[in-house]
Amino acid sequence: MIDIFAVFFGVILTFLIVVVIHELGHCFAARLMGVKPEIFSVGFGKPIWSRKDRHGIIWQVSRIPAGGYVRFVADENAASLSSVADGPVIAGSLKAASKSAQAFVAIAGPLANVIFTVVALSVLPFMSGVTAYPWTVANVTLSSDVTGLRVGDQLVAVADDEITSQDTLGSLVSRLPSNSEVVYQIARDGVLRAEIAPRPDLPLIGNVADGSAAADAGLQPGDLLKTIDGEPVHAWSDLQRIEAASDGEAMAFIYDRNGSEMATQITARQSDGRWLVGVGGLPLFTLATERPGIGEAVQSGVSRSWDLLTNLVTGLAGSLTGQNDSCDLDGPIQIASVAGQAIQLGPETFLLFLAIISLGLGVLNLLPVPILDGGHLMLLGYEGATGRPLGKKMQAVLFIGGVTIIVFLMLTATVNDLTC
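Below or above, wherever it landed, is the structure these notes cover.

1. Here we look at the sheet that holds strand β10 (residues 224-228)
Part 1: Read from one edge to the other, the open sheet built from four strands follows the order β11-β10-β12-β13, with strand pairing classed as antiparallel. Since the sheet does not close on itself, it has two edges, and those belong to β11 (231-232) and β13 (260-267), each with one partner.
Part 2: Summarising the sheet, β10 and strand β12 (residues 250-257) pair through four bridges and their orientation is antiparallel. When the bridges of β12 are listed, leucine 224 appears paired with aspartate 256.

Shown next, in the form of structure tokens:
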């Protein structure tokens, strides 16, 4: 069941953090370049709270929570259209700054979001720890009599695939053959030995969602899936693949419960455009963790940020060119739902969610749409190429076009949330 309070609180907190970070990037960059900010607004429309600081900047929270802006001296509106338009140059305005300074102010917002993502992903290892190397078993889900694995065992290789310090459990699992059991090379009490045990990502049920199809069918935590419609289920990914392709058809599940084979019929249900039976997995074992060094944490943050950025740009390009399914574009309803879930799962999950949203905001703002930062860079590029600024009337036309595009994308994403 959706926790409305968690969704509301998660959305507001996410909105405040990522928007404030973005606009602070613009604000600090402007002051560094000698451009004077007049208004720092979280949201659009009429202010519901405001105060003026000793630098003369008005800090305000406005009624429409759909973004934010920094308005500089001589700007006519939140989009800073007059900053490159014809007219007198006013000291402290964006127009009075050099073209390179204007570009720096424009890109500083997205850059602030990217920096936040790197910092957040660098902090996460300190909160959750990093996997210690050599890999050491910290907990075994199934009985050691069944698996042969014990707490304290050091994993040297799995299925003849040697484990290195650069490996993650996910990368190891992706390389495993499609078998239910694999051979583990382990070091125990200084002696190297082999144990045959289930793969790390075995289809062991860790939780069953209340009111889900799996709950109605009687599945319980601890059940080990064997087959679905006669197809062997070796890994958790097998279940995910089969349920995603089920298209609402009933499936015959065979599973093991405390050594007894049991059977049931389950019909997956749609949730957020996916067919799900409503269960979560439990790994065969967990690994010991340790606190990373600062250098290691920063390296991890940069690496994970780059991976996120690559996936985001690839996905965005696919959506804009029509190569991806339109349902891949999530809207405010889906984002709100995930925000609520993330905040309930704890600070680590919520910080990861913030990092992803912040990076997404930064990338989206670099699109060449006049209402966005990328649009300002586009106008500056036009002026640099032609030697003259784009006229105010044309800026207004592009501004209206940009707003139309953004509204269309938001409506499309919202429809996706309701129909996909």
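Anyway, onward from the coordinates.
2. Remarks on the side chain of threonine 14
Part 1: Assignment of secondary structure puts threonine 14 in helix α1 (residues 4-32).
Part 2: We classify threonine 14 as buried; its relative accessible area is 6%.

3. Focus on the packing of aromatic side chains
Part 1: On inspection of all chains with the given rule, the structure shows four aromatic pairs.
Part 2: Here phenylalanine 40 and tryptophan 59 contribute two aromatic rings whose centre-to-centre distance is 4.5 Å and whose plane-to-plane angle is 35°, an arrangement assigned as tilted. One end of the pair, phenylalanine 40, is in strand β1 (residues 37-52); the other, tryptophan 59, is in strand β2 (residues 58-72), with 19 residues separating them in the sequence.
Part 3: The exposure class of tryptophan 59 is partly exposed, given its relative accessible area of 23%.

4. As for the nonpolar core
Part 1: Val35, Phe40, Phe72, Val105 and Phe116 are the most contacted members of the largest nonpolar core, which has 30 residues in total.
Part 2: Those elements that provide at least two residues to this core are α1, β1, β2, α2 (99-128), α8 (332-344) and α9 (347-364).
Part 3: Looking at this core element by element, the count peaks at eight residues for α2.
Part 4: Counting 19 residues, the second-largest nonpolar core is a separate cluster that includes Val158, Leu176, Ala197 and Leu287.

5. Some details on unusual backbone geometry
Part 1: Omega for the peptide link from tyrosine 133 to proline 134 comes to 0°, which places this bond in the cis form.
Part 2: One can find proline 134 in the loop between β3 (130-131) and β4 (135-140).
Part 3: Phi angles above zero are rare outside glycine, and alanine 159 is one such case at about 55°.
Part 4: One non-glycine residue, aspartate 229, lies in the positive phi region at around 55°.
Part 5: Inspection of the secondary structure assignment puts aspartate 229 in the loop between β10 and β11.

6. Describing a nonpolar patch on the surface
Part 1: Taken together, Leu111, Val114, Ile115, Val119, Val123 and Met127 make up a surface patch of nonpolar side chains, about 440 Å² in accessible area.
Part 2: Within the fold, valine 123 resides in helix α2.

7. A look at the environment of lysine 46
Part 1: By the secondary structure assignment, lysine 46 is in strand β1.
Part 2: Spatially, the C-alpha atoms of lysine 46 and isoleucine 64 are 8.1 Å apart, while their sequence positions differ by 18 residues.
Part 3: In this view, lysine 46 contacts Ser62 and Arg63; residues no more than four positions away in its chain are not counted.

8. Observations regarding the packing of α1 against α9
Part 1: Close contact between α1 and α9 brings their axes to 10 Å; oriented N to C, the two are set at 50°. It follows from the interaxial angle that α1 and α9 lie oblique. Crossing geometry of α1 relative to α9 is assigned as right-handed. For the pair formed by α1 and α9, the contact residues are Gly10, Leu13, Thr14, Ile17, Val18, Val19 and His22 on the first element and Phe350, Phe353, Leu354, Ile357, Ser358 and Leu361 on the second.
Part 2: Grouping the constituent residues of the contact of α1 with α9 by class yields nine nonpolar, four polar and no charged.

9. Points about helix α10 (residues 373-386)
Part 1: Its 14 residues give α10 an end-to-end C-alpha distance of 20 Å, which sits within 8% of 20 Å, the value for a rise of 1.5 Å per residue.
Part 2: Glycine 387 sits one or two residues past α10 and shows a positive phi near 85°.

What counts as what
- Residues numbered from 1 in each chain as written.
- Predicted model: local features only at pLDDT ≥ 70, side-chain atom pairs only at ≥ 80, totals over all residues.
- Heavy atoms only, no water.
- Pairing = 2+ DSSP bridges.
- Helix = DSSP H or I, 4+ residues; strand = E, 2+ residues; numbered from the N terminus.
- Buried < 20%, exposed > 50% of the residue type's maximum accessible area, 1.4 Å probe, protein only.
- Phe/Tyr/Trp six-rings, centres within 6.5 Å; stacked < 30°, edge-to-face > 60°.
- Core = buried A, V, L, I, M, F, W, Y, C linked by side-chain atoms within 4.5 Å.
- Patch = residues over 30% accessible without salt bridge, like charges linked within 9 Å, V, L, I, M, F, W, Y side chains within 5 Å.
- Areas by Shrake-Rupley, 256 points an atom, 1.4 Å probe, with all protein chains shown as cover.
- Salt bridge = Lys/Arg side-chain N within 4 Å of Asp/Glu carboxyl O.
- Contact = heavy atoms within 4.5 Å.
- Axes fitted to C-alpha atoms, helices over the stretch in contact; angles between N-to-C directions.
- Parallel < 35°, antiparallel > 145°, perpendicular 65-115°, else oblique.
- Left-handed = near helix turned anticlockwise from the far one by under 90°.
- Nonpolar A, V, L, I, M, F, W, Y, C, P; charged D, E, K, R; others polar.
- Expected span 1.5 Å × (residues − 1).

In short, shape yes, function no, at least from these values alone.
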